[in-house]
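Read off the chains here:
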Amino acid sequence: MSLKSKVESDIKDAMRAKDQDKLRALRAVKSLILLEETSGNSTGDLSEDDELKILTKAAKQRREAAEIFHAQNREDLAAKEEAELVFIEEYMPRQLSEEEIKTKLETIIAQVGASSPADMGKVMGVATKELAGQADGKVVAGLVRSLLAK
C-alpha cells in the first residue's frame, strides 16, 4: 500500500474518531504528497525515497516549529506541533539510537578511508544516503565531526 493511500485511509479513521491532532498531521502530509505529485519534476507516482523525503521534511518542520515555540514560551503551540510529530513519525522508519548511528558511521569511515576532518564531506555523502530517514542530519554531522577529530 502506498503512503498516499495509507494516509487517506487513516484520515478517514481520524475523522471518525474525531482526533483533531492526528487529522491535522495527516492532512499536512497528504498536502505535501499532492504537491510533490503535481510538481513539474514528478511523474505522478512517488517512489519510496520520495515518500521518505516528504515525511522527513514534515517531521523536521514540526521539530523546528516546536523548538521555536518553546523558546517563545508558547507551550500550547509547541504541544500541537509535538503531537503532530508523533503521528508523522508513525509512518517513518524506526529512528536509530546514537550508539547504532555511531557504529554505522565507523563502518562508513572505514569504507571511505577518511582519516581527518577534511574528509567530512566524503563521509557525509555516504552517510546521508545510508541513514536516510533513520537519523537526524544534525546528529549524524556532529558524530562524524567527533569521530574524525580523533
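Okay, so let's go over this structure. (Residues numbered from 1 in each chain as written. Predicted model: local features only at pLDDT ≥ 70, side-chain atom pairs only at ≥ 80, totals over all residues. Heavy atoms only, no water.)

### Notes on the layout of surface pockets
And step 1. When its volume is computed, the largest pocket comes out at roughly 580 Å³.
And step 2. Lining the largest pocket are 23 residues, and of these Thr56, Gly133, Ala135, Asp136 and Gly137 lie nearest its centre.
And step 3. Residue assignment for the lining of the largest pocket shows that the elements contributing at least two residues are α3 (48-71), α6 (120-130) and α7 (137-149).
And step 4. Broken down by element, the lining of the largest pocket gets its largest block of residues, nine residues, from α3.
And step 5. Grouping the amino acids of the lining of the largest pocket by side-chain chemistry returns nine nonpolar, six polar and eight charged.
And step 6. Quantified by volume, the second largest pocket comes out at close to 170 Å³.
And step 7. Looking at the second largest pocket, the residues that line it are Leu3, Lys6, Glu48, Asp49, Glu51, Leu52, Leu55, Tyr91 and Pro93.
And step 8. When contributions to the lining of the second largest pocket are tallied by element, the ones reaching two or more residues are α1 (3-17) and α3.
And step 9. With five residues, the single largest contributor to the lining of the second largest pocket is α3.
And step 10. A breakdown of the residues in the lining of the second largest pocket according to their chemical character gives five nonpolar, no polar and four charged. (1 Å grid on protein atoms, 1.4 Å probe; cavity = no way out; pocket = protein on both sides within 12 Å on 5 of 7 lines; lining within 4 Å. Points joined across faces, edges and corners; volume = space filled by probe spheres on them. Helix = DSSP H or I, 4+ residues; strand = E, 2+ residues; numbered from the N terminus. Nonpolar A, V, L, I, M, F, W, Y, C, P; charged D, E, K, R; others polar.)

### So, unusual backbone geometry
And step 1. Positioned with a positive phi, Lys18 is a non-glycine residue whose angle comes to about 55 degrees.
And step 2. Among the structural elements, Lys18 can be located in the loop between α1 and α2 (20-38).
And step 3. Phi at Asn73 takes a positive value of approximately 60 degrees, unusual for a residue other than glycine.
And step 4. Look at Asn73 and you get exposed, because its relative accessible area is 63%. (Buried < 20%, exposed > 50% of the residue type's maximum accessible area, 1.4 Å probe, protein only.)

### A short note on helix α4 (residues 75-89)
And step 1. Over its 15 residues, α4 extends 21 Å from the first C-alpha to the last, a length consistent with the 21 Å expected when each residue adds 1.5 Å.
And step 2. Among the residues of α4, those classed as buried are Ala78, Glu81, Ala83, Glu84, Leu85, Phe87 and Ile88.
And step 3. Here the buried face of α4 lies against α2 and α3. (Expected span 1.5 Å × (residues − 1). Contact = heavy atoms within 4.5 Å.)

### Points about α7
And step 1. Helix length check: α7, at 13 residues, gives a terminal C-alpha distance of 18 Å against a target of 18 Å (1.5 Å per residue), a fit within 8%.
And step 2. All of the buried residues in α7 are Val140, Ala141, Leu143, Val144, Leu147 and Leu148. In a view along the axis of α7, the buried residues occupy a sector of 165 degrees, so they form one face of it. Exposed positions of α7 whose direction lies more than 90 degrees from the buried face are Lys138 and Ala149. (Arc of directions from axis to C-beta.)

### A look at the environment of Leu55
And step 1. Note on placement: Leu55 falls in helix α3.
And step 2. Given a relative accessible area of 3%, Leu55 falls into the buried group.
And step 3. For the pair Leu55 and Met92, spaced 37 residues apart in the sequence, the C-alpha separation amounts to 6.7 Å.
And step 4. Apart from the residues within four sequence positions on either side, Leu55 is in contact with Leu3, Val29, Ile88, Tyr91 and Met92.

### What about the side chain of Glu81?
And step 1. Residue placement: Glu81 occurs in helix α4.
And step 2. Residue Glu81 is classed as buried on the basis of its relative accessible area of 17%.
And step 3. Here Glu81 is in contact with Arg62, Ala65, Ala66 and Phe69, once residues within four sequence places are set aside.

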